Amino acid sequence: MIDIKQIRTDPDRFIQSAKVKNIDVDIRKLLQIDSQLLDLRKQLQDARTEQNAAGKQIATLTGEAKQPAIAKVSQLKSKIKQLDEQIGELEPAFGELMICVPQPPAPDVPVGDDSANVEIRREGTIRKFDFEPKDHVELGEALGIIDIARGVKIAGTRNFVLKGAGAMLHQAVLRLATDRMIAKGFVPVTVPVLVNESAMYGTGFFPLYRDQAYLAERDQMSLVGTSEVPVTSLHADEILSAEELPKKYVAGTTCFRREAGAAGKDTYGLYRVHFFDKVEQVIVCAGDEQTSINHHQEILANTEQVMQELELPYRVVNCATGDLGQGNVQRFDIETWMPSRDSYGETHSASRYYDFQARRLNMRYRDAAGDLHFCHTLNNTVMASPRILIPILELYQNADGTITIPPPLRPYMGGMEKIEPRTY
RNA sequence: GGAGAGGUGCCGGAGCGGCUGAUCGGGCCGGUCUCGAAAACCGGUGUGCCUUCGGGCACCGUGGGUUCGAAUCCCACCCUCUCCGCCA
């Protein structure tokens with residue numbers, strides 16, 4: 001949510017932001033409704049002042065004198081009711097527009113669609129194969145650890161089953177990610193994945209991206225597409241103290257995505273699927289831009305350390321305006337090298353929101369002087385599987401079709417060093 | 001799913017339909033006292049919006065209704081707790 005005062009002060013900034021983010025919201029109309037509402041509310045307030053004063057007088061009158069006074073105030077009542085109705089008619093339209101106004105991107109965000117994304121740096125060495133490498137599906141099916149056909153049988157397209165060492169590898173990556181974050185002082189939390197509307201609105205996924213969520217409509221609940229939703233919502237409607245900030249959390253949950261509008265895109269393998277598990281880091285910090293920027297670098301570095309530990313080659317990308325969500329100030333994606341795609345594929349996403357989510361969630365803190373401010377929020381993937389299994393399987397494959405397990409994952413797999421073919 | 005109880009300020013807990021934005025207690029902040037602390041005493045302690053900066057308006061789970069006037073009455077919904085049932 002954006003501060004309406006900021007929109008009043010500098011509407012062009014928001015008109016421009018909506019344009020570069022490709023979000024359809026009529027700022028001019030919003031301001032027009034806003035000024036009407038301001039005027040009506042002022043009139044209502046004045047009428048109420050009058051009514052309250054008259055009411056107090058009535059309380060002091062008795063018997064005969066009371067009736068004429070009551071009759072007089074009754075007239076005010078109809079005026080108030082009329083104003084109330086007018087306001088009631090405008091408010092929904094105002095709210096619907098407000099909830100769609102995007103957060104302006106940072107100045108160093110490139111303008112354009114995702115083709116305008118800017119690579120910031122590359123890390124790691126891309127493996128050169130001295131044999132013909134297989135893709136993760138060929139490898140996984142031959143090893144008996146990936147069973148896409150049965151996943152589809154149970155749940156339809158974009159579903160999968162991991163078995164045996166495949167399921168273990170999946171868990172190992174997640175546990176490594178969680179442990180590394182706990183070691184950095186992040187507090188592990190277990191959170192609901194089926195959440196109410198206010199959590200979805202509060203974190204900025206509703207209303208614009210409602211199509212992407214699975215809805216349990218009978219209960220007005222939604223399955224989350226990321227644990228960012230429940231974790232960032234933890235302190236909604238709370239007033240935190242400055243001393244307890246920043247709050248740092250790590251949570252692993254299953255994530256559910258409809259992938260609406262992605263029909264026909266990335267249909268092969270484990271890349272784009274309807275459910276996956278993700279370990280996410282979330283920071284709630286003081287409402288200061290530089291503080292946010294520093295934390296943004298921090299959460300990016302946290303993930304990069306795990307990637308480097310796994311020796312996965314990746315690059316960091318500064319996402320362009322058209323690739324940002326409504327609430328993003330800036331987003332850095334980490335893309336990991338995937339031999340089967342012969343390119344880097346998105347595996348992580350580090351977002352900075354400033355107070356966009358905090359305003360929607362009504363999440364504030366009291367500073368040393370006792371003043372209230374909205375918090376800032378950020379998040380980044382630590383590891384999401386099975387997508388990360390694509391580079392792991394493909395880059396660690398051997399000529400005989402076996403997979404060498406990356407050393408940091410072995411402790412989580414009972415010391416297993418290699419995945420060999422097996423019937424499960 | 002069935003039955004009952006309840007949702008008030010940081011917490012506990014009052015609140016005849018007008019004098020209640022809200023008694024009181026605790027906590028917290030400031031002060032007095034003290035070498036310092038404790039105790040005691042004194043004072044302060046909600047949020048949002050509008051403002052001609054005097055002030056005004058709104059908010060006692062949410063939304064409606066009754067009334068000149070509602071935290072207080074009525075209706076619906078949401079949530080919490082207790083007991084029973086079912087169950088990972």
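Just so we're clear, the structure is a prediction, and the values are computed from it rather than from any experiment.

Caption draft 1: Broad picture of the overall build of chain A. Across its full length, chain A carries 12 helices and 16 strands. Dimensions of chain A, computed from C-alpha atoms along their principal axes, come out at roughly 105 × 45 × 40 Å. Scored against the burial criterion, the 424 residues of chain A give a buried share of 48%. Residue pairs at least 24 apart in sequence account for 73% of intrachain contacts in chain A once pairs closer than 6 positions are excluded. Carbon and sulfur atoms provide 49% of the accessible area of chain A, an area that totals close to 20200 Å². The averaged location of the 58 negative side-chain charges in chain A is 3 Å from the averaged location of its 49 positive side-chain charges.

Caption draft 2: Broad picture of the protein's contact with RNA strand B. With respect to spatial proximity, 20 residues lie near RNA strand B, and among them Gln-45, Thr-49, Asn-52, Gly-55 and Val-73 are the closest. When the atoms of RNA strand B within 4 Å of the protein are grouped by moiety, sugar and phosphate amount to 68% of the total. Interatomic distance of 3.1 Å between a backbone N/O atom of Gly-55 and a base nitrogen of RNA strand B. Arg-364 places a polar side-chain atom, nitrogen or oxygen, 3.1 Å from a sugar or linking oxygen of RNA strand B. Among the elements of the structure, helix H1 (4-9), helix H3 (27-60), helix H4 (66-98) and strand E12 (364-366) are those that each provide at least two residues to the surface near RNA strand B. No other element matches the 10 residues that H3 contributes to the surface near RNA strand B. The residue inventory of the surface near RNA strand B, partitioned by class, reads six nonpolar, six polar and eight charged.

Caption draft 3: Spatial organisation of the pairing of strand E8 (residues 275-285). Most of E8 is tucked away: 10 of the 11 residues are buried. Of the strand pairs in this sheet, strand E7 (residues 247-256) and E8 are connected by 10 bridges, and their pairing is antiparallel. Within the sheet, the bridge partner assigned to Val-250 lies in E8 and is Gln-281. Taken together, the nine bridges between E8 and strand E14 (residues 376-385) define a ladder with antiparallel strand orientation. Bridge pairing links Val-279 to Met-383 in E14.

Caption draft 4: Representation of the packing of aromatic side chains in the model. Scanning the model with the defined rule gives four aromatic pairs in all. On the numbers, 5.4 Å between centres and 75° between planes, the contact of Phe-129 with Phe-131 is edge-to-face. Taking 4.4 Å as the distance between ring centres and 5° as the angle between the ring planes, the aromatic pair formed by Phe-160 and Phe-275 counts as stacked. Taken together, the residues Phe-160 in the loop between helix H6 (148-155) and helix H7 (164-183) and Phe-275 in strand E8 connect sequence positions 115 residues apart. Of note, Arg-210 hangs over the ring of Phe-206, and the distance from its end group to the ring centre comes to 4.4 Å. In this structure, Arg-387 is placed above the aromatic ring of Tyr-271, and the distance from its NZ or CZ to the ring centre is 3.7 Å.

Caption draft 5: Quick peek at the environment of Asn-159. Among the structural elements, Asn-159 can be located in the loop between H6 and H7. Filtering out sequence-adjacent residues up to four positions away, Asn-159 remains in contact with Ile-148, Gly-151, Val-152, His-274 and Phe-275. Within the local environment of Asn-159, its side chain forms a polar contact with the backbone oxygen of Thr-157, the two atoms lying 3.2 Å apart.

Caption draft 6: Representation of the nonpolar core in the model. Core analysis: the largest hydrophobic core is formed by 57 residues, its most contacted members being Leu-169, Leu-312, Met-383, Ile-388, Ile-392, Leu-409 and Ile-419. Filtering out sequence-adjacent residues up to four positions away, Leu-312 remains in contact with Met-307, Thr-336, Ile-388, Pro-391, Ile-392, Leu-395 and Tyr-396. Counting residues in hydrophobic clusters, the runner-up holds 28 residues, among them Ile-33, Leu-40, Leu-83 and Val-101.

Caption draft 7: A look at the pairing of strand E11 (residues 343-352). Of all the 10 residues making up E11, eight are buried; the element is thus mostly covered by neighbouring parts of the structure. In sequence, strand E10 (residues 330-338) turns back onto E11 through a hairpin of four residues, with Asp-342 there showing a positive phi of about 55°. With three bridges connecting them, E11 and E14 associate as antiparallel partners. Bridge assignment links Ser-351 to a residue of E14, and that residue is Asn-379.

Caption draft 8: Broad picture of the sheet that holds strand E4 (residues 215-216). The antiparallel open sheet is built from three strands, whose spatial order is E3-E5-E4. What marks the edges here is a single partner per strand, and that holds for strand E3 (194-196) and E4. Here three bridges tie E3 to strand E5 (residues 221-223), and the two strands are oriented antiparallel to one another. Looking at E5, one finds that Leu-194 is bridged to Leu-223.

Caption draft 9: Focus on the sheet that holds strand E2 (residues 187-188). Strand order in this open sheet of eight strands is E1-E9-E10-E11-E14-E8-E7-E2, and the pairing throughout is mixed. Every interior strand has two partners, whereas the edge strands, strand E1 (118-123) and E2, have only one. The strands that helix H10 (residues 289-309) touches are E1, E7, E8, strand E9 (314-318), E10, E11 and E14; relative to E14, the one it contacts most, it runs at about 10°.

Caption draft 10: Broad picture of the pattern of salt bridges. Counted by the stated rule, this structure contains 24 salt bridges. One salt bridge connects Asp-3 with Arg-359, and the closest N-O pair in it is separated by 3.6 Å. Here the residue Asp-3 occupies a position in the segment before H1, and Arg-359 occupies one in helix H11 (residues 356-361), the gap between them amounting to 356 residues. Relative accessible area serves as the criterion here: at 22%, Arg-359 is assigned to the partly exposed category. Measuring nitrogen to oxygen at the nearest pair gives 2.7 Å for the salt bridge that ties Arg-315 to Glu-335. Residue Arg-315 is located in strand E9, and its partner Glu-335 is located in strand E10; the two are separated by 20 residues in the primary sequence. Connected via shared salt-bridge partners are Glu-119, Arg-122, Arg-315 and Glu-335.

Conventions and cut-offs
Residues numbered from 1 in each chain as written. Chains lettered and ligands numbered in written order. Predicted model: local features only at pLDDT ≥ 70, side-chain atom pairs only at ≥ 80, totals over all residues. Heavy atoms only, no water. Helix = DSSP H or I, 4+ residues; strand = E, 2+ residues; numbered from the N terminus. Buried < 20%, exposed > 50% of the residue type's maximum accessible area, 1.4 Å probe, protein only. Contact = heavy atoms within 4.5 Å. Areas by Shrake-Rupley, 256 points an atom, 1.4 Å probe, with all protein chains shown as cover. Lys, Arg positive; Asp, Glu negative; His and termini not counted. Charge placed at Lys NZ, Arg CZ, Asp CG, Glu CD. Near = heavy atom within 4 Å. Polar contact = N/O pair within 3.5 Å; in protein donor to acceptor, adjacent residues only side chain to side chain. Nonpolar A, V, L, I, M, F, W, Y, C, P; charged D, E, K, R; others polar. Pairing = 2+ DSSP bridges. Phe/Tyr/Trp six-rings, centres within 6.5 Å; stacked < 30°, edge-to-face > 60°. Lys NZ or Arg CZ within 6 Å of the ring centre and 35° of its normal. Core = buried A, V, L, I, M, F, W, Y, C linked by side-chain atoms within 4.5 Å. Axes fitted to C-alpha atoms, helices over the stretch in contact; angles between N-to-C directions. Salt bridge = Lys/Arg side-chain N within 4 Å of Asp/Glu carboxyl O.

On their own, these measurements won't tell you what the molecule is for.
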